[in-house]
Every structure is written in structure tokens, then in C-alpha cells.
Amino acid sequence: MSKTNEFQKLIREPGSFISPGAYDAMSARLIEEIGFKAIYATGAGISNAQLGWADVGLTSLKEVADIVARMTDVTTIPIVVDGDTGFGNAINVMRTVREFERAGVAAIQMEDQVSPKKCGHFNGKDVVSKGEMVGKIKAAVDTRHDENLAIIARTDALAVNGMEDALDRAHAYKEAGADIIFVEAPTTIEQLKQITSSLKGIPQVINLVEGGKTPLISLIEAEEIGFKIMLCANTVLRSAIKGITESLKILKAEGSQENVYNLICTWEERQSLFKLNQITAWEEKYSENKALPNR
């Protein structure tokens, strides 16, 4: 089954699922190894990890596409890519869809913020007109080669114009052809319930950011409220930052690695994750003596 078909199956089957955020091939591989059903290629995480800057629209289409292609190359489960604003207008969106399809993603998320965008849980956001975003969604739908490539339409209008406009946009984006709807940064449980009840029957995303604007709930609670996909976009990156920081502090203070063992994976775990045994098997299979034909 293709990854796009697999993702569509996830959306159609009963139950909700968590999609943790990956920011490189290593974190994507770890997410699959642990047993999650889908990976979220987080725009914020890519900006933080690859550029060293906050999520304020600094990444380019090619940078994100190249990183996501590395993720898809080493994983077998569907990847949802954070496509920010589509990296421009409707014409830019057409190129964005082509680039991400070539990268092997199963779904593309686009938002209705103005460019340059900001993290959905930052203050000071602004949104384009509903009509402009509708045009972008239609361009994405018309451009995709694989009709099973899911288009996720995100609106940031709740923080800018209020709930009425956010829900109006959500319905318009679904009508324009979006497969999944994502109303970003609700701030109360009541707002979460209002969103899902208004958009009942449409697969929906909830984005849970530790310390962000949306109250943290469990997967069971998210499913009961009516969300299909629970994004935990920041968790992996922030746990990595914490672990690296603690290891470096010990190394700096003690001048020794003796007390970092409880903070790092074993040598064997590292080589297992990065498939050294598979590489060794390939080396043996394609070694000079093996490769030469019998004469």
C-alpha cells in the first residue's frame, strides 16, 4: 500500500491517532521505531533544528522538501509535512505540491497566515483573505498527481478575528477541496468542543504544544471531543534539547563522560537505529569477490 493510501486508511478507520513531530531523518526514524502510525514533519522543529532560529517563516520550500525527502527515505509510515503558507500565492502552491509529492509525503498542511508566517501559538499573527486561501487550496487539489495525497487546511483566524470567522473559513476550505481541517490555537476546552461540533463529520486536527495556547488533553479525550489527529509537534525536539543540554552540562562541569551514561543511548542502540547490520550485509553482498561473475 502506498503511503498516501495508508494515510487515507488511517483517516477513515475508527479511532484517533498521535502524530509526533520530526525535524530530521533521525527523529523520523525514531518515531516509526517506537510504533506511531504517522509522522509530522514539523516546520517549527525544522526551523529550530536546521536553521537555529524561531518559527517565523525563515525556511524555504527547497530546504523543507530536502529534509522531508530524507525522512521519507528512511521510514515506511506516512509523513504529514508542514507546508506553512504554501510558500507564496496559489502559483507558488502549485510548485510546493509538486516538490512535496516528489519528496514522498502523504499529506500537506497549509495555513492561511500572511507571509512571513509565525508559529501558530505565537502572538502577532495575521491572516490572508478567505478568498485567497480558498484559491490556494483549489490550486493544491488541482495540482496533486495522486488524488490520495491529503490536503490539510489550517486556519489561524481564531486568534486574529475570532471563532465565527475561523469556523466560516474552515467550512469554506473544506468546500474548496481540503480533506482535513485544522483550526489552530483554541484556548479552552469549550472552544475545542465548539470547533468539532461545528465541523462534525470532517476529519480534524488538534495541535498540542507544551506551554502553548491550547490546553493539553490526552488522546482519549481528543477522540471523545471529536479530533482525528493529535499533533505533538514539539515534544521530540524539546526532549532532545533537554537531553543534550543536561549531557553538555555534565561534560563541562566534570570534564568526563563517566556520568552521562544515564542520559545517552548505548553504542548498540545507536548502531541498531541507524541499521549498521543492514549496511554490513550490503557490504558483504556487494563486495568485490561477491560481485564478480563466475568465470
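Calculation notes
Residues numbered from 1 in each chain as written. Predicted model: local features only at pLDDT ≥ 70, side-chain atom pairs only at ≥ 80, totals over all residues. Heavy atoms only, no water. Helix = DSSP H or I, 4+ residues; strand = E, 2+ residues; numbered from the N terminus. Rg over C-alpha atoms; globule rule 2.2 N^0.38 Å. Buried < 20%, exposed > 50% of the residue type's maximum accessible area, 1.4 Å probe, protein only. Contact = heavy atoms within 4.5 Å. Areas by Shrake-Rupley, 256 points an atom, 1.4 Å probe, with all protein chains shown as cover. Lys, Arg positive; Asp, Glu negative; His and termini not counted. Charge placed at Lys NZ, Arg CZ, Asp CG, Glu CD. Polar contact = N/O pair within 3.5 Å; in protein donor to acceptor, adjacent residues only side chain to side chain. Phe/Tyr/Trp six-rings, centres within 6.5 Å; stacked < 30°, edge-to-face > 60°. Salt bridge = Lys/Arg side-chain N within 4 Å of Asp/Glu carboxyl O. Pairing = 2+ DSSP bridges. Right-handed = clockwise from strand over helix to strand, strands pointing away.

(A) Region of interest: the overall build of the protein. Helix and strand content of the protein: 14 helices and eight strands. A compact globule built from 295 residues would reach a C-alpha radius of gyration of about 19 Å, and the protein, at 21 Å, matches this within 12%. In the protein, which comprises 295 residues, the share counted as buried stands at 46%. When contacts within the protein are restricted to residue pairs at least 6 apart in sequence, those whose partners lie at least 24 apart make up 69%. A total accessible area of about 15000 Å² is found for the protein, and carbon and sulfur atoms account for 53% of it. Taken as two groups, the 33 positive and 40 negative side-chain charges of the protein have centres that lie 2 Å from each other.

(B) Structural view of the environment of His171. With respect to the element layout, His171 can be found in helix α8 (residues 163–175). The sequence separation of His171 and Pro14 amounts to 157 residues, and the corresponding C-alpha distance is 23 Å. Residues within four places of His171 in sequence aside, it is in contact with Ser198 and Leu199. At 3.2 Å, the side chain of His171 forms a polar contact with the backbone oxygen of Ser198.

(C) Geometry of the packing of aromatic side chains. Scanning the model with the defined rule gives two aromatic pairs in all. Arranged with centres 6.3 Å apart and planes meeting at 90°, the rings of Phe7 and Phe17 form a pair that is edge-to-face. With Phe7 in helix α1 (residues 3–12) and Phe17 in strand β1 (residues 17–22), the pair connects residues that are ten residues apart, well separated along the chain. By the burial criterion, Phe7 is buried, and Phe17 matches it.

(D) Up close: the pattern of salt bridges. This model, assessed by the stated rule, comprises 19 salt bridges. Note that Asp84 and Lys117 form a salt bridge whose closest N and O atoms lie 3.1 Å from each other. Linking Asp84 in the loop between β3 (79–82) and α5 (90–103) with Lys117 in the loop between β4 (107–111) and α6 (130–143), this pair joins segments that are 33 residues apart in sequence. Ionic pairing is found between Glu246 and Lys242, a salt bridge with its closest N-O pair at 3.9 Å. Taken together, the positions of Glu246 and Lys242, both in helix α11 (residues 235–254) and four residues apart, correspond to about one turn of that helix. What makes Glu246 partly exposed here is its relative accessible area of 26%. With a relative accessible area of 52%, Lys242 lands in the exposed category.

(E) Quick peek at the side chain of Gln204. One can find Gln204 in strand β7 (residues 204–207). Of the polar contacts made by the side chain of Gln204, one reaches the backbone oxygen of Leu199; its length is 3.2 Å. Sequence-distant contacts of Gln204, that is, excluding residues within four places in its chain, are made with Ile180, Ile181, Ile195, Thr196, Leu199, Gly226, Phe227, Lys228 and Ile229.

(F) Here's a closer look at the pairing of β7. The alternating pattern of β7 places Gln204 and Ile206 on one face and Val205 and Asn207 on the opposite face, and all of these are buried. In this sheet, β7 lies alongside strand β6 (residues 180–183) in parallel orientation, the contact comprising two bridges. Counted as the bridge partner of Phe182 is Val205 from β7. In this view, the connection linking β6 to its parallel neighbour β7 by way of helix α9 (residues 189–198) has right-handed handedness. Looking at chain direction, β7 and strand β8 (residues 229–232) are connected through three bridges and run parallel. Within β8, the position partnered with Val205 by the bridge is Ile229. With helix α10 (residues 219–225) bridging β7 and the parallel β8, this β-α-β connection has right-handed handedness.

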